[in-house]
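One-letter residues, chain by chain:
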Amino acid sequence: NLFAMFVLCVPLINIKRNPTMTLDDRLFRELLLSVMLLLIIDTCSQLLKEQEFRGAHTLLLIFSTLYFVQMAVICMMWLLYSDYLCFQNPVRTKKLIRILIIPASLLIAFSLTTPLTKLLFTVDSANRYARGPLFGAYTLLCWSILPYSFITALMKARSEPTKVRKTEFRHLALYSFLQMLCGMLQLLFSFIPIMWISSAGSLLLVFVNLQNRQISLDGLTNINNRRTLNRFIETRYSMLKSNEALFLLLLDIDNFKTINDTFGHSAGDTALIVTAEILKKVCSADNYFLGRFGGDEFCIVFVRGVDDNADDILARISEETERLNNAGGFICPLHFSAGYASLRTGDPAGVDGLISAADRWMYKRKHRQKNDDSSNLIPTEKM
């Protein structure tokens, strides 16, 4: 338990050093503190067992009761945290808190009455602790949220176009799986202190992935940043086969400065977030790389045959944008300019030439759309 607490101090100290904590940081901090508190309670309980000094019996009853209370709290905290990481929706999180208050209160009340009912545990006159008849049922009920977290994280990993986020969801699923496995082992073999040590290790794993996300993802849109983009293009280009081409599609928001000037910079930020969500829908089906190129520019990177094009992707972007505009999804209609270029292995233009060609084509389309007042992204000529 002391080792597990030492492990949890690492992410806790790093989070406290952050002057601007986000909601997921705060939820993670509360989860860490909850697990650390349970480790303290569990340690005290273990030290008190079979002790005969004055008050030992009462103290063991108190700490054993608090153990079950804290177990319920941790399970609810994990559900809140994992759900927020999956959906990034503060409104959804607030609704979930209101829903969880009822089952959490019932579990806590049931735990607090155990010294009288002896349903979860018993402590005899020699201060020997024993599991009660409903110990297993209570534990399984608390951990019943883990299959939900496991399935939700796997589904998000499958649909997520961002590699870093995909890895993050997989580790969330792994955490839930490990806890389910270790929880079952703990029920079967009570003498093995495995559940909370594995929990501490899993939380450290989640923290490492959160740090990786901050390095690799754009803070506003939560998609790959320019640093990750450059590394991906270089790596993917070096892996090209002779019959393959690396495609780079660049897209920017038309009249983005006007949006900022007319509706304010918060509306501009929302436009960037909405654009990223549109592109995520387009990219998720084929697992294309999606990143923020800079400012109001986004990019999609993928590999196709040397004779292929990306017109179908442009058409899907147009369809999703039209659907958003018709539904009034943003304060004003959004329109984009886009262009793409491709690069074969051994092409002397190299990666820099690929980016320049896509950029030229995008601005050529932007100029043409201003003249013909068209929002169609599909080019009528090839670059």
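Residues numbered from 1 in each chain as written. Predicted model: local features only at pLDDT ≥ 70, side-chain atom pairs only at ≥ 80, totals over all residues. Heavy atoms only, no water.

Colleague: Go over the sheet that holds strand S6 (residues 336–344), please, and point to the residues and values.
Modeller: Judged by pairing direction, the sheet is antiparallel, and its 4 strands sit side by side in the order S4-S5-S3-S6 without closing on themselves. A single partner strand is all that each edge strand has here, and the edge strands are strand S4 (289–294) and S6. Sheet twist, expressed as the average angle between the axes of neighbouring strands with direction ignored, equals 25°. The pairing of S4 with strand S5 (residues 297–305) spans 5 bridges and is classified as antiparallel. Bridge pairing links Gly291 to Cys299 in S5. Against the sheet, helix H12 (residues 265–284) makes contact with strand S3 (244–253), S4, S5 and S6, and its axis sits at roughly 10° relative to S5, the strand it touches most. (Pairing = 2+ DSSP bridges. Helix = DSSP H or I, 4+ residues; strand = E, 2+ residues; numbered from the N terminus. Axes fitted to C-alpha atoms, helices over the stretch in contact; angles between N-to-C directions. Contact = heavy atoms within 4.5 Å.)

Colleague: Mind laying out the pairing of S3, listing which residues take part and the relevant values?
Modeller: In terms of burial, S3 is largely enclosed, as 10 of its 10 residues are buried. Burial along S3 is two-sided: Glu244, Leu246, Leu248, Leu250 and Asp252 and Ala245, Phe247, Leu249, Leu251 and Ile253, pointing in opposite directions, are all buried. Of the strand pairs in this sheet, S3 and S5 are connected by 9 bridges, and their pairing is antiparallel. Across the sheet, Asp252 pairs through a bridge with Glu297, a residue of S5. Bridging between S3 and S6 involves 9 bridges; their strand directions are antiparallel. Each residue of the ladder has a partner; that of Leu246, found in S6, is Leu343. (Buried < 20%, exposed > 50% of the residue type's maximum accessible area, 1.4 Å probe, protein only.)

Colleague: Give me the lowdown on the nonpolar core, citing residues and values where you can.
Modeller: If you look at the biggest cluster of nonpolar residues, it comprises 58 residues, and the most contacted ones within it are Phe28, Trp78, Tyr81, Trp196 and Leu203. It is helix H3 (residues 56–87) that provides the largest number of residues to this core, a total of 16 residues. Counting residues in hydrophobic clusters, the runner-up holds 33 residues, among them Ile253, Ile278, Phe302 and Leu334. (Core = buried A, V, L, I, M, F, W, Y, C linked by side-chain atoms within 4.5 Å.)

Colleague: Quick one: what's the story with the packing of helix H1 (residues 2–16) against helix H9 (residues 195–216), residue by residue and with numbers?
Modeller: Between H1 and H9, the least distance of the axes is 9 Å, while the angle of their chain directions is 25°. For the element pair H1 / H9, the angle class is roughly parallel. For the element pair H1 and H9, the recorded crossing hand is left-handed. Contacts from Ala4, Val7, Leu8, Pro11, Asn14 and Ile15 of H1 reach H9 at Trp196, Ile197, Ala200, Leu203, Leu204 and Phe207. Of the residues that constitute the contact of H1 with H9, the class distribution is 11 nonpolar, 1 polar and no charged. (Parallel < 35°, antiparallel > 145°, perpendicular 65-115°, else oblique. Left-handed = near helix turned anticlockwise from the far one by under 90°. Nonpolar A, V, L, I, M, F, W, Y, C, P; charged D, E, K, R; others polar.)

Colleague: Let's hear about the environment of Gly350: which residues, and what values?
Modeller: Secondary-structure assignment places Gly350 in helix H14 (residues 350–372). Along the chain, Gly350 and Ser125 lie 225 residues apart, while their C-alpha atoms are 80 Å from each other.

Colleague: For the pattern of salt bridges, give the residues involved together with the corresponding values.
Modeller: Side-chain pairs of opposite charge can arise whenever the charged atoms involved come near each other. A full pass over the atoms with the stated rule returns 9 salt bridges. Between Arg292 and Asp218 there is a salt bridge, with the nearest N and O atoms lying 3.2 Å from each other. A residue pair is termed long-range when its members are at least 10 positions apart, and Arg292 in strand S4 and Asp218 in the loop between H9 and helix H10 (226–238) qualify at 74 residues. A single salt-bridge network, built from bridges that share partners, covers Arg304, Asp312 and Arg316. (Salt bridge = Lys/Arg side-chain N within 4 Å of Asp/Glu carboxyl O.)

Colleague: Outline the side chain of Thr221, listing residues and values.
Modeller: Tracing the sequence through the fold places Thr221 in the loop between H9 and H10. A relative accessible area of 3% places Thr221 in the buried class. In this structure the side chain of Thr221 is engaged in a polar contact, spanning 2.6 Å, whose partner is the side chain of Asp218. Leaving out residues up to four positions away in the same chain, Thr221 has contacts with Leu272, Ile273, Ala276, Lys280, Arg292 and Phe298. (Polar contact = N/O pair within 3.5 Å; in protein donor to acceptor, adjacent residues only side chain to side chain.)

Colleague: Explain the confidence of the model for the chain to me, and be specific about the residues and the numbers.
Modeller: Across the chain, pLDDT averages 86, with 94% of residues at or above 70. Every residue in residues 379–383 scores below 50 in pLDDT, and together they form 15 contacts with partners more than four places removed in sequence or on other chains. (pLDDT = per-residue confidence, 0-100.)

Colleague: Can you break down the packing of aromatic side chains residue by residue, with the values?
Modeller: According to the stated counting rule, one finds 16 aromatic pairs in the structure shown. Between the aromatic rings of Phe68 and Phe135, the centroid separation amounts to 5.7 Å while the plane-to-plane angle is 85°, which identifies the pairing as edge-to-face. Of this pair, Phe68 sits in helix H3 while Phe135 sits in helix H6 (residues 135–142), and the two are 67 residues apart along the sequence. For the pair shown, Phe68 and Phe135 are each scored as buried. Centroid distance Phe150 to Phe177: 6.2 Å. Interplanar angle 35°. Geometry classified as tilted. With Phe150 in helix H7 (residues 145–159) and Phe177 in helix H8 (residues 163–188), this pair connects stretches of sequence that are 27 residues apart. The class of Phe177 is partly exposed, set by a relative accessible area of 42%. (Phe/Tyr/Trp six-rings, centres within 6.5 Å; stacked < 30°, edge-to-face > 60°.)

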